[in-house]
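The lines below spell out each chain.
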Amino acid sequence: MKPEYTRYRTVDGNIRLGGSVHGIGVEIEDPEGWLWQVVSAMDGSGSAAEIVRAVPGTPPDVVETAMDELLAAGFVDDAAAPVPESLTERDLDRHSRSMPLLRWMDAVPRATPWEAQLRLRAARVLLVGVGGTGGAAAQILVASGVGALHLVDPDEVELSNLGRQTLFREPDIGKPKIEAALAALRALNTDVRITGEQRMVSGHDDFGTLLDSAPGYDVLVLCADSPPEIRRWANTACAGAGINWVVGGYHGPLVTASLVVPGTGPCWECLHDGLADTADLRLPDDAPADALRPRLPVHPVNAVSASMSGTLVGHAALASLTGVPVLEPGTVFGFNLVLPGESVLERAESRPGCRVCGGVS
């Protein structure tokens, strides 16, 4: 059994695996008690044949079936699996805490618990917008050990950025964000190939050019929020290229992220426009189109909201690259900072006749 999957017997004799973490832990009935013998024997010290012999009185094929079902459910790790030769001692030390977490969240049988890390190491990521959300997401991707990260941003660091964009420091003021970001991120992890360009994305064709500029981007991480059409441009470009993309940000105290997978679930326009159509806002018929938009000279945000949105975006990107955990594409998830116990989870269906995906999922 995976070492992270705490196992115990309940007062009524059932077996619990995975502790009390919602979405991972399960409870299994065991009226005859033999299954507890099985999971107890699966401690990494014996072979499958030895485990079968450790459960006398139960037919071997029944024990083997139970072991197969536990394996298929993602509860079992091969204690004898060798560490991949491509991972150095430095790699193993650097990611010695993240590997067990990925193993804990993973419900898919793997040849090695390091498979997710190997996928990250081989991954190429394009990140557009290195501000508060993008800077936090970039730090997460680099710390997690993606293979290559390319950054795109047109701006320079300003004093007003430092209250929310934690990637930058006072000596960076006046420098291109790309220059400052490259220095900070390369200092974080020299094993990641980090590149960047100071560039404004001003249309769908720009995204196409960026996606074609290097072979095999595995995910686009969009953290820029201007111009307003930028997410529609990304949606069109990624749908055409068949590339997963992640988008996120903040709206006041709401911090959210979404994973979009072309051909699976609604595209971003289906999700965004569908949620807008079904929102129960109770606005009068003569309300202006921007009635819900705060009439403020700046976009309200601080280091907490920007960093949390970047963290959610980074999590979604890592999940897209590794499959751990499995995230439902075409959903908006996040938090309301005013009500910390209230999570955000919104879903929409693919829209028939969508100009981007055709409403097919």
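Source: prediction; values computed, not measured.

**Looking at the pattern of salt bridges**
Here comes step 1: Taken as a whole, this structure holds 17 salt bridges when the rule is applied.
Here comes step 2: Note that arginine 9 and aspartate 30 form a salt bridge whose closest N and O atoms lie 3.2 Å from each other. Of this pair, arginine 9 sits in strand S1 (residues 7–9) while aspartate 30 sits in the loop between strand S3 (26–28) and helix H1 (34–41); the two residues are 21 residues apart in sequence, bridging distant segments of the chain.
Here comes step 3: Here aspartate 106 makes a salt bridge to arginine 110, at a shortest N to O gap of 2.6 Å.
Here comes step 4: On the basis of relative accessible area, aspartate 106 is assigned to the buried category, the value being 6%.
Here comes step 5: The network of salt bridges with shared partners includes Asp106, Arg110, Glu115 and Arg119.

**Re the packing of aromatic side chains**
Here comes step 1: Counted by the stated rule, this structure contains one aromatic pair.
Here comes step 2: With centroids separated by 5.3 Å and ring planes inclined at 70 degrees, the aromatic side chains of tyrosine 5 and phenylalanine 75 adopt a geometry described as edge-to-face. Separated by 70 residues along the polypeptide, tyrosine 5 in the segment before S1 and phenylalanine 75 in the loop between helix H3 (60–72) and helix H4 (89–94) bring together distant segments of the chain.
Here comes step 3: The class of phenylalanine 75 is buried, set by a relative accessible area of 7%.
Here comes step 4: The residue whose ring lies beneath arginine 124 is tyrosine 217, and the NZ or CZ to ring-centre distance is 5.6 Å.

**A look at a nonpolar patch on the surface**
Here comes step 1: A grouping of Val304, Phe335 and Leu337 is seen on the molecular surface, where their side chains present a nonpolar patch of about 220 Å² in accessible area.
Here comes step 2: Looking at the element boundaries, leucine 337 is found in the loop between strand S10 (331–336) and strand S11 (343–347).
Here comes step 3: Using a relative accessible area of 31% as the deciding quantity, one classes leucine 337 as partly exposed.

Parameters and conventions
- Residues numbered from 1 in each chain as written.
- Predicted model: local features only at pLDDT ≥ 70, side-chain atom pairs only at ≥ 80, totals over all residues.
- Heavy atoms only, no water.
- Salt bridge = Lys/Arg side-chain N within 4 Å of Asp/Glu carboxyl O.
- Helix = DSSP H or I, 4+ residues; strand = E, 2+ residues; numbered from the N terminus.
- Buried < 20%, exposed > 50% of the residue type's maximum accessible area, 1.4 Å probe, protein only.
- Phe/Tyr/Trp six-rings, centres within 6.5 Å; stacked < 30°, edge-to-face > 60°.
- Lys NZ or Arg CZ within 6 Å of the ring centre and 35° of its normal.
- Patch = residues over 30% accessible without salt bridge, like charges linked within 9 Å, V, L, I, M, F, W, Y side chains within 5 Å.
- Areas by Shrake-Rupley, 256 points an atom, 1.4 Å probe, with all protein chains shown as cover.

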